[in-house]
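# Examination of the molecular architecture
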Amino acid sequence: MTTPWSPTDFSAKVIEYYHAHGRKHLPWQGTQDPYKIWLSEIMLQQTQVTTVIPYFERFIESFPTVTDLAQATDDQVMQHWSGLGYYSRARNLHKAAQIIETEFSGVFPQDPETIETLPGIGRSTAGAIASFAFGQPTAILDGNVKRVLARSYAIEGWPGNGKVLKALWQRAETNTPQQETAAYNQAMMDLGAIVCTRSKPDCPDCPLSKHCLAYNSNSIEQYPGKKPKKARPSKSVYWLINIRQEKVLLHKRPPSGIWGGLWALPEVQQKEMSPDQIQQLDPFVHKFSHYDLQVQPLLLSSNADKALVEKNSHPSIMEPAQADWFSLNQLNEIGLPTPVSKLLVKLLEDS
DNA sequence: AACACGTGGGC
DNA sequence: TGCCCAAGTGT
């Protein structure tokens, strides 16, 4: 029967791993600039490191400081997030930058409770910023840490379950050391990303294997518990492609909902024009994590556009959507959903 | 508590 | 291929 790690021995092993094998040269490391650390933590939410790196570099180049970000336009910010997904992150980041400017005189707050009041920053991200930027002894609990802790202490159940999450936070708080917290937090994520991976973990090389309850009971595959499966629904839409004088008509999507704040092709549920006014392009399926979107792109003729523009420019009186015409160059200055961007690129290449 | 919210990598 | 899930948060 294996005895579990004591919090002290556990954190000592983790910190030792950091000095020997931890990642120390990612673009947001080697600095204590809270703005860069904050930006990286937001971009890294539910997003892999290799995906984030080029976005981070581009974003910092365009908005080097929180003041630059606060003063940027919505479209500029969304353009820099275009393709990264989870666009509420960008909207909240922008809002938070303006709050830091106005409420905190441009100085990033150091207290984790205050940090967590900023939009887009939850408990784990607040802990990461407080420890990395300000050396505070705050715990984090991302997917990597959840996996390492769930296996080390054989914490059963899916982390999306409230009780399981609470148990994981309890263990995270207990094991997080008061000293060298930043090294510990970084190493926990490194262990999860490099050694204690989702599939095929490298247990023989893991500094925690000696007292890892899952490893020593040969039940690594059981931890963390799996998310319950759900059927994925399907939605069908038509996308209207209206090109006049080298410009394409786009609509700005409302702030909430899918692709909020991005510019997309006008979308309708049903065709409302006669067949001679449209050209059906190749349909495709865009797969989200929570549903499939079946898209039928329709290329409009000049006769069809008037009624449709009128009909779709103002979906409701309360929330009029913005519509505008964009040239190819202007598409580089706004945020576009990935499938819209791909479709337009393909169309313009063919023409 | 359960679901919405994007996209791409890994197998 | 299709499925799982990734440095989570907001509602």
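Note that the coordinates shown come from a computational prediction; the quantities given were computed from them, not determined experimentally.

### Thoughts on the packing of helix α1 (residues 7-21) against helix α11 (residues 181-195)
Direction vectors running N to C along α1 and α11 enclose 75°, while the axes themselves pass 8 Å from each other. Considering the angle they form, α1 stands roughly perpendicular to α11. Residues F10, S11, V14, I15, Y17 and Y18 of α1 pack against A183, Y184, Q186, A187, M188, D190, L191, I194 and V195 of α11. By residue class, the composition of the contact of α1 with α11 is 12 nonpolar, two polar and one charged.

### Re the side chain of T181
Assignment of secondary structure puts T181 in helix α11. Sequence-distant contacts of T181, that is, excluding residues within four places in its chain, are made with S131, Q136, P137, T138 and T176.

### Looking at the packing of helix α2 (residues 34-43) against helix α8 (residues 123-134)
Pairs of packed helices are described in terms of their axes, by the angle between the two and the distance that separates them. Orientation of α2 relative to α8, taken along the N-to-C sense of each, is 150°, at an axis distance of 9 Å. In this structure, α2 meets α8 at a crossing whose hand is right-handed. The segment α2 lies against α8, with P34, I37, W38, E41 and I42 engaging T125, A128, I129, F132, A133 and F134. The class makeup of the residues in the contact of α2 with α8 is nine nonpolar, one polar and one charged.

### Details of the protein's contact with DNA strand C
In the neighbourhood of DNA strand C, 25 residues make up the surrounding shell, with L44, Q46, G120, D142 and K229 lying closest. What you see for DNA strand C is that sugar and phosphate hold 64% of its atoms within 4 Å of the protein. In this structure, G120 approaches DNA strand C through a main-chain N or O atom, which is 2.5 Å from a phosphate oxygen. Within the contact set of DNA strand C, a phosphate oxygen lies 2.8 Å away from a backbone nitrogen or oxygen of G143. Put simply, the parts of the chain that give the surface near DNA strand C at least two residues each are α8, α9 (143-152) and α11. Here the surface near DNA strand C is built from residues that sort into eight nonpolar, nine polar and eight charged.

### Things to note about the environment of E16
When you line up the elements, E16 lands in helix α1. Residue E16 is classed as exposed on the basis of its relative accessible area, which comes to 52%. With 168 residues separating them in the primary sequence, E16 and Y184 have C-alpha atoms 8.8 Å apart.

### Focus: the domain arrangement of chain A
If you check the domain split of chain A, you get domain 1 (7-222) and domain 2 (234-350). Taking the mean C-alpha position of each, domain 1 and domain 2 sit 36 Å from one another. Listed as interface residues are 10 residues of domain 1 and, on the opposing side, 14 residues of domain 2. Taken over both partners, the interface formed by domain 1 and domain 2 buries close to 840 Å², and the fraction arising from carbon and sulfur atoms is 43%. On the domain 1 side of the interface with domain 2, the three residues burying the most area are D75, Y87 and R91, jointly 53% of the side's total. Inspection of the region where domain 1 meets domain 2 yields one salt bridge. Its salt-bridge partner being K252, residue D75 comes within 3.2 Å of it at the nearest N-O pair. Connecting domain 1 to domain 2 are five residue pairs in polar contact (both at pLDDT 80 or more). Per-class residue counts for the side of domain 1 that touches domain 2 are three nonpolar, four polar and three charged.

Thresholds, definitions, all that
The residue count restarts for each chain, going from 1 along the sequence in the order it is written. Each chain gets a letter, beginning with A, and each ligand a number, beginning with 1, in the order they are written. Confidence filtering applies because this is a predicted model: local features only for residues at pLDDT of at least 70, side-chain atom pairs given and counted only at 80 or more, and all residues used for totals across whole chains, interfaces and linings. Values reported for side chains reflect all heavy atoms of the structure, with hydrogen atoms and water molecules removed beforehand. As a rule, the C-alpha atoms of each element are fitted with a line to give its axis, helices using only the stretch in contact, and angles between N-to-C directions run from 0 to 180 degrees. Strands are runs of DSSP state E lasting at least 2 residues, helices are runs of H or I lasting at least 4, and numbering of each runs from the N terminus. Here the angle decides the label: under 35 degrees means roughly parallel, over 145 means roughly antiparallel, 65 to 115 means roughly perpendicular, and every other value means oblique. Residue contacts are defined here by distance: any two heavy atoms, one from each residue, within 4.5 Å place the two residues in contact. Side-chain classes are defined by residue name, with Ala, Val, Leu, Ile, Met, Phe, Trp, Tyr, Cys and Pro counting as nonpolar, Asp, Glu, Lys and Arg as charged, and the others, Gly among them, as polar. Crossing handedness is read from the near helix: turned anticlockwise from the far helix by less than a right angle, it gives a left-handed crossing, and turned clockwise, a right-handed one. Whether a residue is near a molecule or strand depends on its heavy atoms: if one lies within 4 Å, it is near. A 3.5 Å cut-off defines polar contacts: any pair of N or O atoms within that distance qualifies, except that in protein one atom must be a possible hydrogen donor and the other a possible acceptor, and neighbouring residues in sequence count only when both atoms are side-chain atoms. Only protein chains enter the area calculation, which uses a 1.4 Å probe; residues under 20% of their type maximum are buried, those over 50% are exposed, and those in between are partly exposed. Domain borders in the structure are assigned automatically or taken from a domain database. Accessible area, probed at 1.4 Å, shrinks when two parts are joined; the buried area is that loss added up over both. Salt bridge, as used here, is a side-chain nitrogen of Lys or Arg placed within 4 Å of a carboxyl oxygen of Asp or Glu.

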